[in-house]
Amino acid sequence: MQEKMMGFMCKKCGKVMYPKHERCLGCKNTEFDEVSLGDECHLITFTKLYALPRGIEMSPLTLGIVEFNNKVRAMGQIMADDPEPGMDLHPVWAKLRTIDEKEVYGFKFDSIV
Amino acid sequence: MMRDVAIIGCGITKFGHLDGKDLMDILVEASLNAIDDAGASEFDFDSVYVGNMLAGELSHQTAIASALVDRINLIPASAERIENGPASGGSAVKNGFFAVASGASDLVLVAGGEKMTGVNTGTISDLMATLNHPTAEYVHGATMPAMAALFTRLYMERYSLTERHLAMVAVKNHANGLKNPCAQLHKLCTVEDALSSAMVSDPLRLYYCCPISDGAAAVVLCPAKKAKEFTPKPVKILGFGHATDTHAFQEREDPIVLKSVKIAAQQAFKMANIKPEDIDVAELHDAFEILEIAESEDIGFFKKGEGQLAVEKGVTAIDGELPINPSGGLKARGHPVGATGVAQIVELVLQLRGEAGERQVRDAQRALACNFGGFGNNTLVHILERGN
Ligand SMILES: [Zn+2]
């Protein structure tokens, strides 16, 4: 279980990236600090996927891309019932799917109550 | 100093469900057609490049380039398989171009093929999805239609693009495919058919996505100076471009700008020393109909956010100012992934030679192909010219 969704801040130029790269996308530096992406983000696009991938229980599967306050974006499953671009969400640690009978956990995004 | 390169022969199989033929059978068929078309049956080839993505996974066969030179006796030509996702075919063409341009090879066969039917659709969908970022995309359930759907909604939020435009691209490509004997889908569709087809990944319906296909295509290359020894109608490769972008789609500075397409096109235009307005016909990678529109903008044919207006006005129809996907595109010709980049070149060669039959574009002199790998993170562009 992870408490916070983490990004990677370049020690040289300060750019925050998600997912991880071994060299900074801004300056090619190779050292990073792990930083929290924060608890608040908003939805910028989404889809309801009817042709379900294997090992996914949610039907249809709502997938979306969120943007955090520091402009870093992430893709993930959206738990909110009626997703709308612009809506506020927050990351929640949960089971994502099973792959080869193994349960995989990660962050999903739910509406802020 | 690079040598000019010409395409002197091309061959293609029927695309679709090729029951009773395996991957090697269709690669052999397309290759022999191309060699025959080039009049090169009696000549020794120097190198062979085979674009393919999933032979190991779907056909339980590896090192397929070695198998191909054996089947059609091109021994002892050098041979290798090129895997670059859905851009494998374009990458194979690029490698063939380099082999001739560099002076290393005088006669080259480039083939591309994929056998995808007869396998569970869920398996195909999962294998294709593995080209997405493993931890940032795939694990969350991102399949290719889902990626295209996320991209489409961003487009719709920003520009005046509507679902109707996606339907119009499908209608055009179905109409073109009906005139292409090799195409997988041979039926007209109406805007209403498309708008009422099953929802795959909201807002994408079935008709805005390409089918699953078998098929192979091949071309023969030689130095432009020697082309006339083989054919009265050689086609020159004027330029190419090849560029990449971040693996994860959401990480791009502006996710609806296809930077790899933009850069690859700029490189190709620079090398060919021509501009987008000099192109008479194009084959674009419409694995999803939104991509035909987005690529047509990022290549520089239309302003960003206005590609759908060209579709509305019929500019991209066979009899329009800039016909796009006269072959039917991936939508109607089909998308056997490793074959697609080569099949685009085959179509353009036929167009430039004036041999495209019912779907012939009027007086085509220069043509462009865009083969799009990953979800926009690895793109090849080739520019061809009718040789005289
Ligand atoms: Zn940096």
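As the structure is a computational prediction, the values presented were derived from the model and not from experiment.

Description of the pattern of salt bridges
In the structure shown here, the tally under the stated rule is 27 salt bridges over all chains. Here Arg73(A) and Glu67(A) are joined by a salt bridge, their closest N and O atoms 3.1 Å apart. Salt-bridge contacts for Arg359(B) lead to Glu347(B); the nearest nitrogen and oxygen are separated by 2.8 Å. One end of the pair, Arg359(B), is in the loop between α13 (337-353) and β10 (366-373); the other, Glu347(B), is in helix α13, with twelve residues separating them in the sequence. Here the salt bridges do not stand alone but share partners, grouping Asp37(B), Lys233(B), Arg353(B) and Glu355(B) into one network.

A look at the interface of chain B and chain A
Chain B puts 32 residues into the contact, and the matching count from chain A is 31 residues. Carbon and sulfur atoms supply 60% of the area buried between chain B and chain A, which totals about 2500 Å² over both sides. Summed over the three residues of chain B that lose the most area to chain A, namely His140(B), Leu150(B) and Gln250(B), the buried surface amounts to 27% of that side. For the pair chain B and chain A, the number of links is zero salt bridges. The interface formed by chain B and chain A includes 16 residue pairs in polar contact (both at pLDDT 80 or more). Among the secondary structure elements, those contributing two or more residues to the side of chain B that touches chain A are α5 (121-129), α6 (144-158) and β5 (199-201) of chain B. Broken down by element, the residue count for the side of chain B that touches chain A peaks at seven residues, all from α6(B). For the side of chain B that touches chain A, a count of residues per class yields 14 nonpolar, eleven polar and seven charged.

Quick look at the nonpolar core
Residue and element names in this part refer to chain B. Ranked by internal contacts, the top residues of the largest apolar core, which has 74 residues, are Met128, Phe151, Phe288, Ile299, Leu368 and Ile383. The leading source of residues in this core is α6, at nine residues. Once you skip the residues sitting within four places of it in the chain, Phe288 turns out to touch Met144, Pro145, Ala148, Leu204, Tyr208 and Cys209. With 38 residues, the next largest nonpolar core counts Val5, Val281, Leu348 and Ala369 among its residues.

Overview of the coordination of the zinc ion
Residues and elements named next belong to chain A. Looking at the zinc ion, the protein donor atoms are Cys10 (SG), Cys13 (SG), Cys24 (SG) and Cys27 (SG), and they sit 2.3 to 2.4 Å from it. One can describe the donor arrangement at the zinc ion as tetrahedral, given that its four donor atoms subtend angles of 101 to 116° at the metal. Of note, the donors binding the zinc ion are all from one chain and are spaced C-x2-C-x10-C-x2-C. Residue Cys10 is located in strand β1 (residues 6-10), and its partner Cys27 is located in the loop between β2 (16-17) and β3 (32-36); the two are separated by 17 residues in the primary sequence.

A short note on a negative patch on the surface
Together, Asp81(A), Asp82(A), Glu84(A) and Glu157(B) give the surface a local cluster of negative charge. As for its placement among the helices and strands, Glu157(B) is situated in helix α6.

What about the packing of aromatic side chains?
Each aromatic ring pair is summarised here by two numbers: the centre-to-centre distance and the angle between the ring planes. In total, this model carries 13 aromatic pairs over all chains according to the counting rule given. Pairing Phe151(B) with Phe375(B) gives two aromatic rings, centres 5.6 Å apart and planes at 70°, and the pair type is edge-to-face. Of this pair, Phe151(B) sits in helix α6 while Phe375(B) sits in the loop between β10 and β11 (378-386); the two residues are 224 residues apart in sequence, bridging distant segments of the chain. Phe151(B) sits in the buried class, given a relative accessible area of 0%. Since its relative accessible area comes to 4%, Phe375(B) is described here as buried. Members of the aromatic cluster, joined through ring pairs, are Phe151(B), Tyr155(B), Tyr159(B), Phe249(B), Phe372(B) and Phe375(B). Geometry around Tyr138(B) places Arg97(A) over its ring, the cationic atom sitting 5.0 Å from the centre. Here Arg153(B) stacks its cationic end above the ring of Phe46(A), 3.8 Å away from the centre of that ring.

A look at a nonpolar patch on the surface
Residues and elements named next belong to chain B. Taken together, the side chains of Met2, Phe98 and Met271 define a hydrophobic patch exposed on the protein surface, amounting to about 260 Å² of accessible area. Relative to the elements of secondary structure, Met2 occurs in the segment before β1 (5-12). On the basis of relative accessible area, Met2 is assigned to the partly exposed category, the value being 42%.

Rules of the game
- Residues numbered from 1 in each chain as written.
- Chains lettered and ligands numbered in written order.
- Predicted model: local features only at pLDDT ≥ 70, side-chain atom pairs only at ≥ 80, totals over all residues.
- Heavy atoms only, no water.
- Salt bridge = Lys/Arg side-chain N within 4 Å of Asp/Glu carboxyl O.
- Helix = DSSP H or I, 4+ residues; strand = E, 2+ residues; numbered from the N terminus.
- Contact = heavy atoms within 4.5 Å.
- Buried area = accessible area lost by both parts, 1.4 Å probe.
- Polar contact = N/O pair within 3.5 Å; in protein donor to acceptor, adjacent residues only side chain to side chain.
- Nonpolar A, V, L, I, M, F, W, Y, C, P; charged D, E, K, R; others polar.
- Core = buried A, V, L, I, M, F, W, Y, C linked by side-chain atoms within 4.5 Å.
- Buried < 20%, exposed > 50% of the residue type's maximum accessible area, 1.4 Å probe, protein only.
- Donors = N, O, S within 2.8 Å, 3.2 Å for Na, K, Ca; no water.
- Tetrahedral: all angles 85-135°; square planar, octahedral: opposite > 155°, others 65-115°.
- Patch = residues over 30% accessible without salt bridge, like charges linked within 9 Å, V, L, I, M, F, W, Y side chains within 5 Å.
- Areas by Shrake-Rupley, 256 points an atom, 1.4 Å probe, with all protein chains shown as cover.
- Lys, Arg positive; Asp, Glu negative; His and termini not counted.
- Charge placed at Lys NZ, Arg CZ, Asp CG, Glu CD.
- Phe/Tyr/Trp six-rings, centres within 6.5 Å; stacked < 30°, edge-to-face > 60°.
- Lys NZ or Arg CZ within 6 Å of the ring centre and 35° of its normal.

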